[in-house]
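# Fold and geometry: a report
As a plain string of letters, each chain reads:
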Amino acid sequence: MASPDLKEASRQVGEDIHFQRRVWRFQRFGWGAMAVLVLLATLGVFGGGPLAKAKSSSADGTIEVEWERIERIGRDSRLRIRTVGPPTAPLTLRLEGGLAEVTLSAIEPQPRGESRAPGRVWLRFDPPAEGHAAEIVLNLRSAKPGIVQGQLALGDAVLPLRLFVLP
Amino acid sequence: MESVIRAVAIYVALTILFRITGRRSMSHITTFDFVLLLVVGEATQQALLGEDFSMTNGILVITTLLGLDVTLRWVKARHHQTDRMMEGLPTILVVNGQPLHDRMREARISESEILQSAREIHGVMRLEDIHLAVLEVSGTISIMPHRNA
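Conventions and cut-offs
- Residues numbered from 1 in each chain as written.
- Chains lettered and ligands numbered in written order.
- Predicted model: local features only at pLDDT ≥ 70, side-chain atom pairs only at ≥ 80, totals over all residues.
- Helix = DSSP H or I, 4+ residues; strand = E, 2+ residues; numbered from the N terminus.
- Expected span 1.5 Å × (residues − 1).
- Buried ≥ 20, exposed ≤ 12 C-beta atoms within 10 Å, placed from the backbone.
- Arc of directions from axis to C-beta.
- Contact = placed C-beta atoms within 7 Å.
- Pairing = 2+ DSSP bridges.
- Axes fitted to C-alpha atoms, helices over the stretch in contact; angles between N-to-C directions.
- Parallel < 35°, antiparallel > 145°, perpendicular 65-115°, else oblique.
- Domains from an automatic or database assignment.
- Nonpolar A, V, L, I, M, F, W, Y, C, P; charged D, E, K, R; others polar.

### Some words on helix α1 (residues 2-21) of chain B
All names here are of chain B. Taking 1.5 Å of rise per residue, 20 residues should cover 28 Å, and α1 covers 28 Å from first to last C-alpha, within 8% of that figure. Considered for burial, the residues of α1 that qualify are Ser 3, Arg 6 and Ala 7. End-on, the buried residues of α1 take up no more than an arc of 95°, which puts them together on one face. The exposed residues of α1 that point more than 90 degrees off its buried face are Ile 5, Val 12, Ala 13 and Ile 16. Residues of α1 that are buried sit in contact with α2 (31-49) and α3 (55-78). Immediately downstream of α1, the backbone of Gly 22 shows phi near 95°, a positive value.

The structure is reproduced here in structure tokens:
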């Protein structure tokens, strides 16, 4: 029970301790939310962590793709394409849909040729040394937030790809 | 358009984050707090401007931030409830030399911080000589010593 002195002082100062206690509760809840946010960020929910990484293979099993399903504007994310065994067809990579709109900030190895049509990009690569599987690495950089939906094709192998771009 | 959205988002996020971290963070600012504020400023700058370092973008962002600040002050001046929610209210920490430990714990203020304020402003050395210690909305601790102290 508050003493008369405290009650009087409280009135003079304009204190509302019940309201203040609600504020303190809100702050404690906020600290919890901040801790959860940091934990989720460490796990990669906002890109750049284990939960953001995705891996998939084409239906015919000839290519494997690793990418980051969650990325952020202005940050490069890696898309790695590997053939299972030495490539049998010419190495022409085709990016379609939303993927064709994403900026390719780096391409490894350097493509021999590149062409573009609305909603489509073709990249032609030299094959690797005989007997080796091919690997292509693209650095993707999105300029707009939202879901990027598209597909990637290498030879006959086609793989749908979805990225979630955070602002 | 994008600059305005960026500025509004950052303003809202910073307002919420600083409200969560509390008044305590602005009182008795230490060298580390100062460095932390600089780092927050640096991180915010990147998010505010993006890759557009033009003068137009800078002026747009500053205008939006200042406009939001003026609007918020205007709203707070007219709506008492919003003002209470955004700024909080003063909290009494010591009455008649008796520390109110539960409030001090919740406000994250120690006896030594209250005594520091008492020494700085009134040259009061002991808790018993304090009539009233109030944690103000600004984060400072006001001390009213006993008349005979």
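### A closer look at the sheet that holds strand β7 (residues 113-117) of chain A
Across a sheet, paired strands are connected by hydrogen bonds in the backbone, their directions being either parallel or antiparallel. All names here are of chain A. The strand order across the open sheet built from six strands is β3-β11-β10-β5-β8-β7, with neighbouring strands paired in mixed fashion. Each having just a single partner strand, β3 (70-72) and β7 make up the two edges of the open sheet. Each neighbouring strand pair of the sheet contributes to a mean axis angle of 25°, computed without reference to strand direction.

### A word on the packing of α1 of chain B against α2 of chain B
Residue and element names in this part refer to chain B. At a minimum axis separation of 8 Å, α1 and α2 run at an interaxial angle of 150°. With respect to α2, the element α1 is oriented roughly antiparallel. Of the residues in α2, those touching α1 at Arg 6, Ala 7 and Ile 10 are Thr 44, Ala 47 and Leu 48.

### Quick word on the domain arrangement of chain A
As a measure of interface size, the accessible area lost when the parts come together is often cited. Once the domains are mapped, chain A shows domain 1 (4-43) and domain 2 (50-166). Between the C-alpha centres of domain 1 of chain A and domain 2 of chain A there is a distance of 49 Å.

### Digging into the interface of chain B and chain A
With 15 residues of chain B at the interface, the matching set in chain A holds 18 residues. Elements with a contribution of two residues or more to the side of chain B that touches chain A: β1 (91-95) and β3 (130-135) of chain B. Residue contributions to the side of chain B that touches chain A peak at three residues, all from β1 of chain B. Per-class residue counts for the side of chain B that touches chain A are seven nonpolar, five polar and three charged.

### What about the sheet that holds strand β4 (residues 77-83) of chain A?
Residues and elements named next belong to chain A. Across the sheet, five strands lie side by side as β1-β2-β4-β9-β6; this open sheet has antiparallel pairing. Looking at the sheet topology across the chains shown, the edges are occupied by β1 (53-57) and β6 (103-108). This sheet shows a mean twist of 15° between the axes of neighbouring strands, independent of strand direction. Across six bridges, the pairing between β4 and strand β9 (residues 135-141) is antiparallel. The partner of Ser 77 across the bridge, within β9, is Leu 140.

### Here we look at the pairing of strand β8 (residues 120-125) of chain A
Residues and elements named next belong to chain A. Pairing geometry for strand β5 (residues 91-97) and β8, over six bridges, is antiparallel. Within β8, the position partnered with Thr 92 by the bridge is Arg 124. Relative to β8, β7 runs antiparallel, the two being bridged by five bridges. Note that in β8 the partner of Ala 117 across the bridge is Arg 120. Linking β7 to β8, which pair antiparallel, is a turn of two residues; within it Gly 119 sits at a positive phi near 75°.

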